Amino acid sequence: MPDETPCYSVFIEGETVDLCVPSEQAITDGWADWFNDARTTRWLSQGIYPNHVEDQRSFLESIRKRDRFAVLICGKGGGPLYGIISLSAIDWIARSAQISLVVGKAPPGRQLMQLEAMARVTEHAFQRMGLDRIWAGQAHPGLARWNQWLELLGYFTDGVMRRGFVKGRETVDNAVMISCLYEDYEAVRARRGGQLWPGNDAMLRLLKAMPKHGFASRLAEFLDRELPLYKAEIEAVERGVLEGNGAEAAPRRRLAGS
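Now for a look at the structure at hand. (Residues numbered from 1 in each chain as written. Predicted model: local features only at pLDDT ≥ 70, side-chain atom pairs only at ≥ 80, totals over all residues. Heavy atoms only, no water.)

Here the idea is simple: oppositely charged side chains can pair when their charged atoms come close. Scanning the entire structure with this criterion turns up nine salt bridges. In this structure, Asp158 and Arg133 form a salt bridge, with 3.1 Å as the shortest nitrogen-oxygen distance. Here the residue Asp158 occupies a position in strand β7 (residues 156-167), and Arg133 occupies one in strand β6 (residues 133-140), the gap between them amounting to 25 residues. Judged by relative accessible area, Arg133 falls into the partly exposed class, the value being 30%. Notably, a salt bridge pairs Arg225 with Glu226, separated by 3.3 Å at the nearest N-O pair. Look at the salt bridges and you will find they share partners, linking Glu24, Glu54 and Arg57 into a network. (Salt bridge = Lys/Arg side-chain N within 4 Å of Asp/Glu carboxyl O. Helix = DSSP H or I, 4+ residues; strand = E, 2+ residues; numbered from the N terminus. Buried < 20%, exposed > 50% of the residue type's maximum accessible area, 1.4 Å probe, protein only.)

And the structure:
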């Protein structure tokens, strides 16, 4: 019996993954249904309202109008279909874009297809599109592990948004903003002989050897520790001024490490 696995037109070739041209075929191959799956959308803004085939067709049309860059995440040879990765909010003046990824079908074991897709699109954004900054928002600590994985591609946390992810009754304490600058990308490539993606096996070893806590977790811990202390300092200043004792009544302290 012939192989009936749908094959898509390959745009970027990878090691464990091929990134392919989005098409109408993908909509009926599961693309539209991913956003109706609670597990897939747990850490996404989608999943509040049902997603319809027509919604996906509208999204496909926006890609064709060059409103964003998007490619399908597929197995080698252009199939099967696993997910999609995109660049949106593209600012050609600031040379920046937001990157996002959705995987609706679990990849084969020990194949880091999601991470390689991020690497290939990051490389495309810097090399072919001429961008200087790729950024994303990440629920934290819900996506702390994934966030740390991205550090191996040069993505680091810029800041913490308190109550940055709210979805129904499931509220993540924080969200983090991460970005990869062109110089971060170049530094990683220089360490790896000119390649951002060192290979699936090498990346598995790197993931295993990473520090226990990523930079996002360290920054969140700093915020949890220092913000209440600083609020108390401001409150003391306010009491001193409003009660006529002057600002000098406030305790003065140095931040840890300063």
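Take the side chain of Ser179 next. Looking at the element boundaries, Ser179 is found in strand β8 (residues 170-181). Look at Ser179 and you get buried, because its relative accessible area is 4%. At 2.8 Å, the side chain of Ser179 and the side chain of Asp158 are in polar contact. Here Ser179 is in contact with Arg133, Ile134, Trp135, Gly154, Tyr155, Phe156, Asp158 and Asp184, once residues within four sequence places are set aside. (Polar contact = N/O pair within 3.5 Å; in protein donor to acceptor, adjacent residues only side chain to side chain. Contact = heavy atoms within 4.5 Å.)

For the structure on display, the rule yields seven aromatic pairs. Note on Trp43 and Phe165: the rings are 5.9 Å apart at their centroids and 55° apart in plane angle, and the pair reads as tilted. Of this pair, Trp43 sits in the loop between α1 (24-34) and α2 (53-64) while Phe165 sits in strand β7, placing them 122 residues apart in sequence. By relative accessible area, which is 22% here, Trp43 ends up partly exposed. Given a relative accessible area of 12%, Phe165 falls into the buried group. Each ring, one from Tyr182 and one from Tyr185, has its centre 5.8 Å from the other, and the planes form 45°; the classification is tilted. (Phe/Tyr/Trp six-rings, centres within 6.5 Å; stacked < 30°, edge-to-face > 60°.)

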